[in-house]
Amino acid sequence: MAVAITASSLVMAGCGSKGEAKSAGAASSGTLAIGASLSLTGALAREGQLTKEGYQLCQDKVNAKGGVDIGGKKAKLDIQYQDDTSKPDVAAQLVDQFNDKGVKLILSSSGSANTEAQAAVIERNGQVMADSAGADNKIFSKGYKRTFAVLSPATEYASSIVKAIADLATPKPKTVVFLSADDGFSKTVTEGGMKTAKDQGFTVLDPQYFPSQTSDVSSALTKVKGEHPDVIIGSVHLVEGVAIVKQAKELGVTPAGFGETVAPPTPDFAKTLGTQAENVLGSSQWTDATLGKDKYFGTAKDYAKDIQAKFGHAPDYHNAEATAACLAFALATEKAGSSQPDKVRDALSGLDTESFFGKIKFDPTGQNIYKPMSVIQVQGGKALTVWPKESAEAKMIWPGTHQ
């Protein structure tokens, strides 16, 4: 979900030309215009809506404190939204459109494919992007210097589940198999998870792949049924994640436990599956037990209350990572004392701060390798943090399925 923070297209009362506004920083009565390209329709519409909520809350909380302080002058956030229809080419085109309007600071679109398409345009245009939802490590293997991801890398999504099982499961399972969607993000997740599983001493069976966004994974499940894996880990999004659990039950595939990326922390997962969702493990970029706090949003629990109050539902990690990307720009712009893209880029690269989202810090490639992911387990219909131990809300239930 792409947001473009137009730190450089500052609109100020009492300013003269657009050029003057750009060079002036922020006036006390000014606004910091933000262009937001979001996946509000198409395959990523659900994530797009959650991201929009995260941006809206960021705008509300920052503006309630008078806006961002840029060189001693306050500028309020003013986010304007467009729909990229969940398509990478459209998301990239919108970045160019923002650039044509003088918008130089961009918040990424939803998903790794959209973000990867945008990153190339960002680099070409001399813009800067805070990435809220593109986790694929491959985005950051191309030498880009102007894209910064607040979220943990794709390789950590399944790896964190493997680490949690190795740390907490009794008796410790022996065999693991990965069922994966065939999109780039999910493949990177699987590669990372398989490596970690081998490092942890598990026997790793051959992975099974299926089309992204499919609701029929029966062929993959049938192939692994005869191998009787102790753990099935899905490198998936919501649709495929629901299908794995539902069709495993129908086919009589009964591992000691299921783990899945992306899907289990989303409220729709437990709503759709009901009791079948019980005890499924999931990795999450954020939970309301995440440690850390900041001046705009307080703690993770404070943030959760604010999302609940404004939007009438418990927070999803897509909300939180969107807000965190917006927060990164606010902090970097303040640190730079400027909205000029090169100065903001330099401030982002040196950012090292705790927040409601955990650590925000970037390695030389622009990835946030410093923030661990959380592992949740659906218990009583709720996603409760079970790992890392220091932020656990509940004990892991293992075995996770009734044999």
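Scroll up to find the structure.
The following refers to the structure shown. (Residues numbered from 1 in each chain as written. Predicted model: local features only at pLDDT ≥ 70, side-chain atom pairs only at ≥ 80, totals over all residues. Heavy atoms only, no water.)

1. So, the nonpolar core
How we decide: Side-chain atoms within 4.5 Å are what join buried Ala, Val, Leu, Ile, Met, Phe, Trp, Tyr and Cys residues into a set we call a nonpolar core. For the exposure calls, accessible area comes from a 1.4 Å probe over protein chains only, and a residue counts as buried if that area is under 20% of its type's maximum, exposed if over 50%, partly exposed in between. Helix and strand definitions follow DSSP, with helices as H or I runs of at least four residues and strands as E runs of at least two, each counted in order from the N terminus.
Of all hydrophobic cores here, the largest spans 90 residues; its most connected members are Val68, Tyr157, Phe178, Trp286, Leu348 and Phe356. Ranked by residues supplied to this core, first place goes to helix α11 (residues 317-336) with 12 residues.

2. Describing the pattern of salt bridges
As a reminder, the rule being used: We define a salt bridge as a side-chain nitrogen of Lys or Arg found within 4 Å of a carboxyl oxygen belonging to Asp or Glu.
This structure, assessed with the given rule, holds 15 salt bridges. A salt bridge links Asp268 to Arg46; the shortest N-O distance between them is 3.6 Å. One end of the pair, Asp268, is in helix α9 (residues 267-273); the other, Arg46, is in helix α2 (residues 45-64), with 222 residues separating them in the sequence. Residue Asp268 is classed as partly exposed on the basis of its relative accessible area, which comes to 21%. Look at Arg46 and you get partly exposed, because its relative accessible area is 37%. Here Lys195 makes a salt bridge to Asp199, at a shortest N to O gap of 3.0 Å. Taken together, the residues Lys195 and Asp199, both in helix α6 (residues 184-199) and four residues apart, mark about one turn of the helix. With relative accessibility at 54%, the residue Lys195 sits in the exposed group.

3. Description of the environment of Met129
Stated precisely, the cut-off is as follows: Should any heavy atoms of two residues lie within 4.5 Å, those residues are counted as being in contact.
Relative to the helices and strands, Met129 resides in strand β6 (residues 128-131). Discounting residues that sit within four places of it in the chain, Met129 has contacts with Ile106, Leu107, Ser108, Thr115, Gln118, Ala119, Ile122, Arg146, Thr147, Phe148 and Phe329.

4. Structural notes on the packing of aromatic side chains
Applicable threshold: Ring geometry is summarised as follows: Phe, Tyr and Trp rings, the Trp one being its six-membered ring, pair when their centres sit within 6.5 Å, and such pairs are stacked at plane angles under 30 degrees, edge-to-face over 60 and tilted between the two. Should the NZ of a Lys or the CZ of an Arg lie within 6 Å of a ring centre and within 35 degrees of the ring normal, that charge is described as sitting over the ring.
Enumeration over the complete set of coordinates arrives at nine aromatic pairs. In textbook terms, an aromatic cluster arises when at least three aromatic residues are bridged by ring pairs, as seen for Trp286, Tyr296, Phe297, Tyr303, Phe356 and Phe357. The ring of Tyr81 is capped by Lys52, whose NZ or CZ atom sits 4.8 Å from the centre of that ring. For Lys371, the ring lying beneath its charged end belongs to Phe357, and the centroid distance is 4.9 Å.

5. Description of the state of the cysteines
Definition in use: In plain terms, two cysteine sulfur atoms within 2.5 Å form what is called a disulfide here.
All chains considered together, the criterion is met by one disulfide. Residue pairing for Cys58: its cysteine sulfur links by disulfide to Cys326, the two sulfurs lying 2.2 Å apart. Linking Cys58 and Cys326, the disulfide has an S-S dihedral of approximately -80° and is accordingly described as left-handed. With Cys58 in helix α2 and Cys326 in helix α11, the pair connects residues that are 268 residues apart, well separated along the chain. The same class applies to Cys58 as to Cys326, namely buried.

6. Describing the pairing of β6
The cut-off we apply is this: Pairing between two strands is assigned when DSSP locates at least 2 bridges connecting them. Orienting the strands away from the viewer, one traces the path from the first strand over the helix to the second; a clockwise path indicates a right-handed crossover.
Across the two faces of β6 the burial is the same, with Val128 and Ala130 and Met129 and Asp131 all buried. Where strand β5 (residues 105-107) meets β6, three bridges bridge the pair, whose relative direction is parallel. Bridging across to β6, Leu105 finds its partner in Val128. A crossover links β5 with its parallel partner β6, the connecting element being helix α4 (residues 112-125), and its sense is right-handed.

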